[in-house]
Each structure stands twice: as structure tokens, then as C-alpha cells.
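Secondary and tertiary structure notes
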Amino acid sequence: MKIGVFDSGLGGLIITKSFLRELGDYDYLYFGDTKNLPYGDKISSEVLMLSIRAVEFLIKNNCKIIIFACNTASSIALRYVQQIYIPQYYPNIKVLGVIVPTVEEAIASSKKKIGVTATNSTINSHIYNIEIKKINPDIKVQELATPKLVPAIENDDFILADSLVQDYVKSFSNIDSIILGCTHYPLLKECFRKYLPEKVQVISQDEFMGEKLKKYLHNHPEIETKLTKNAEREFLVSQKNKYYEAVAGKIISGIKIKEVKI
Ligand code: DGL
């Protein structure tokens, strides 16, 4: 059985790459719901419905564990999927997200104030604020929706993305770390580093999610032993456009992406 990775688009490939780095032997199935991108501007019920559909697809295609690489889906749909949907219909399947591991990482390198950048939906859910406060109620959190970044990246326009980051970061004051709370933002982490004061730690999911999954599998042999290890990778999207191969190839070189109807 495989490791399934779900994102609204191609950004989740960045996290997948960190899985491949740490856990290269396993078999993977990636699904990016590009037809419905962006999730970040959708109402919650739609994100939930699309996330469940993606989970169903990945389970039907032999995934034993599914990671929501998408921050928006993790913010809006993960709790329901983990606590209600999966226990009821697929009790042998595990679904994980990116929010809690990211919060743990941010708290480890931040004492006073954490900045969060993400899509509109993730910011409006206040999930990062809630999860940070659960661990340390004294840490201040400043959240900022940065919705123009995903379209710029998906269109391979990194000049625009750079200037957007320059502008967005002006809103933050006195933060000691910043969470890049969106699958796509690791591609811009150098821009964030460039435009933020040097003391600000940039928390980028590509740098630790692989290690976190490795630890998780180590601690859960009941899942790990069911996973096959033929280093097979399949990358599927619900709709392809002319930029995708170029954008995806910047993340995982030589990648082949197929369109699938789900
Ligand atoms: N994958 C989404 C996230 O991480 C960003 C793209 C979108 O809005 O769908 O929040």
C-alpha cells in the first residue's frame, strides 16, 4: 500500500519532495486537485466536500496513509475527516495534516511573537493561532492572508511573487518567527528571508515535514509495515494546464504529471 499526498494543486509537491528525501523507498500517490484550485478562497463546506472526495480517491487507489499537504484542507477539513469520517468508514486508514507539526516547529524557535502567512481560508479559520495557543498561550500571533501569492506561483511568475512578498512582510511587526502556512510558500522562502529582519526564523514546511513523517512511521509500525517499498511514484492532477510541467519540474526534476478524472 502507498503513501497518499493530497493538495489543491502543485504546491504539495514541495512537501512530497521532503518525504522522498527522507523516505525514498516507499510508494507514493500524489493527487493535486488543480481543477478546483484555489481552495484558499472557497467556503468551508466546499473545501470539506472536495477533501473527502480526494480522500476517497486515494483510498480507492491503495493508500494506507494520507497526508493533507494542503494547509487550507488541513485547516478546514482535517479535524472532521480524522475524527468522524475516517473512524466511521475507513478505520484502518490514517490521515495526517501539516498544521500541528508546523506549530511544533515554530514554537521550538520562537519565544514571543509568531507571524503566520496563508490563504484567506486558513487565516480566517485561525487554526494556527488556536493550535499555538494550545501549546503556549503566552505567545502572540499575528496572522496575515496573502492570497495573491498562489496565483503568481501557479503561473510561474516569480518576479511578481517576489514583489508581493516584499509588500506583504511590511505588515509584520516584532515577530521572531514566521510560519509559511501554505504549500506553495516554501518556493518563496528566500524572498521572505530577504525582506524580513535576519533574526526572524522562517518556518518552511519543506524543511521538516519529511523528518516528521519518518518519525511518525517509526512510531506506528502497524501502518509502516503495510506500506510497500518499490520507490514507485505517481503524480496525478484533476486538470493540467500549459504551465504545470514547468512549475512541477522546478520542484521535482523530470516529473511526469497525468490528468485524472475523479
Ligand atoms: N494548497 C493551498 C494551501 O496550502 C494553497 C493553494 C490553494 O489556495 O488552493 O493552503
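Residues numbered from 1 in each chain as written. Predicted model: local features only at pLDDT ≥ 70, side-chain atom pairs only at ≥ 80, totals over all residues. Heavy atoms only, no water.

**Notes on the sheet that holds strand β8 (residues 201-203)**
Definition in use: Any two strands are treated as partners once DSSP identifies two or more bridges connecting them. Runs of H or I in DSSP of at least four residues are treated as helices and runs of E of at least two as strands, each being numbered from the N terminus. To get an axis, a line is fitted to the C-alpha atoms, and for a helix only the part in contact is used. The angle between two axes follows their N-to-C directions and goes from 0 to 180 degrees. Any pair of residues with heavy atoms lying within 4.5 Å of one another is described as a contacting pair.
The four strands are arranged β6-β5-β7-β8 in an open sheet whose pairing can be described as parallel. The sheet terminates laterally at β6 (140-145) and β8, the two strands that pair on one side only. Ignoring which end each strand starts from, the neighbouring axes of this sheet average 20° apart. In this sheet, strand β7 (residues 177-180) lies alongside strand β5 (residues 113-118) in parallel orientation, the contact comprising four bridges. When the sheet's bridge partners are listed, I114 is paired in β7 with S177. Against the sheet, helix α7 (residues 127-135) engages β5, β6 and β7, with an angle of about 165° to β6.

**A look at the layout of surface pockets**
Inclusion rule: Space inside and on the surface of the protein is sampled on a 1 Å grid over the protein atoms alone, with a cavity defined as a set of points where a 1.4 Å probe fits but cannot get out and a pocket as an open set with protein on both sides within 12 Å along at least 5 of 7 lines; lining residues have an atom within 4 Å of a point. Grid points are joined across faces, edges and corners, and a volume is the space filled by probe spheres set on the points. In this count, Pro and Cys sit with the nonpolar residues alongside Ala, Val, Leu, Ile, Met, Phe, Trp and Tyr, while Asp, Glu, Lys and Arg are called charged and the others, Gly among them, polar.
In this structure, the largest pocket spans a volume of roughly 520 Å³. Taken together, 25 residues form the lining of the largest pocket, with L78, Q82, G97, V100 and P101 sitting closest to its centre. Breaking the lining of the largest pocket down by element, the ones donating at least two residues are α3 (71-76), α4 (78-89), α5 (99-108), α7 and α11 (209-219). Class assignment of the residues belonging to the lining of the largest pocket gives a composition of 14 nonpolar, five polar and six charged.

**A look at the packing of helix α2 (residues 44-60) against α4**
Our working definition: Every angle not falling under 35 degrees, over 145, or within 65 to 115 is termed oblique; those three ranges are roughly parallel, roughly antiparallel and roughly perpendicular. Should the near helix be turned anticlockwise from the far one by less than a right angle, the crossing is termed left-handed; should it be turned clockwise, right-handed.
At a minimum axis separation of 12 Å, α2 and α4 run at an interaxial angle of 50°. In terms of their interaxial angle, α2 and α4 are classed as oblique. Our pair here, α2 against α4, has a crossing hand that is right-handed. For the pair α2 and α4, the contacting residues are L48, I52, V55, E56 and I59 in the first and Y80, V81, Y85 and I86 in the second.

**Focus: the packing of aromatic side chains**
Rules: Ring pairs shown here join Phe, Tyr and Trp side chains whose ring centres sit within 6.5 Å, with only the six-membered ring taken for Trp; geometry is labelled stacked below 30 degrees between planes, edge-to-face above 60, and tilted in between. Each residue is placed in one exposure class: buried if its accessible area under a 1.4 Å probe, protein chains only, is under 20% of its type's maximum, exposed if it is over 50%, and partly exposed if it falls in between.
Counted under the stated rule, the structure contains eight aromatic pairs. When the centroid spacing of 5.3 Å and the interplanar angle of 55° are considered together, the rings of F31 and F57 count as tilted. A residue pair is termed long-range when its members are at least 10 positions apart, and F31 in strand β2 (residues 28-32) and F57 in helix α2 qualify at 26 residues. For the residue pair F31 and F57, the accessibility class agrees, reading buried in each case. Through pairs of rings, three or more aromatic residues link up here, namely Y80, Y85, Y89 and Y90.

**Looking at the site of the ligand**
We apply this condition: Being near a molecule or strand, for a residue, means having at least one of its heavy atoms within 4 Å of it. Two N or O atoms form a polar contact when they lie within 3.5 Å of each other; inside protein one atom must be a possible hydrogen donor and the other a possible acceptor, and for residues adjacent in sequence the pair counts only when both atoms belong to side chains. The Shrake-Rupley method, run with a 1.4 Å probe, gives the accessible areas here. Residue values count only the displayed protein chains as cover. For this analysis, a molecule is said to be in a pocket or cavity if more than half of its atoms are within 2 Å of the grid points defining it.
Of all residues adjacent to the ligand, which total 14 residues, the nearest are D7, S8, Y39, G40 and T72. S8 has a polar side-chain atom sitting 2.6 Å from an oxygen atom of the ligand. Within the side chain of T72, one N or O atom sits 2.6 Å away from an oxygen atom of the ligand. Considering the ligand on its own, with 290 Å² of exposed area, one finds that the protein chains cover 99% of that surface. A molecule is said to occupy a pocket when more than half its atoms come within 2 Å of that pocket's grid points, and by this definition the ligand occupies the largest cavity.

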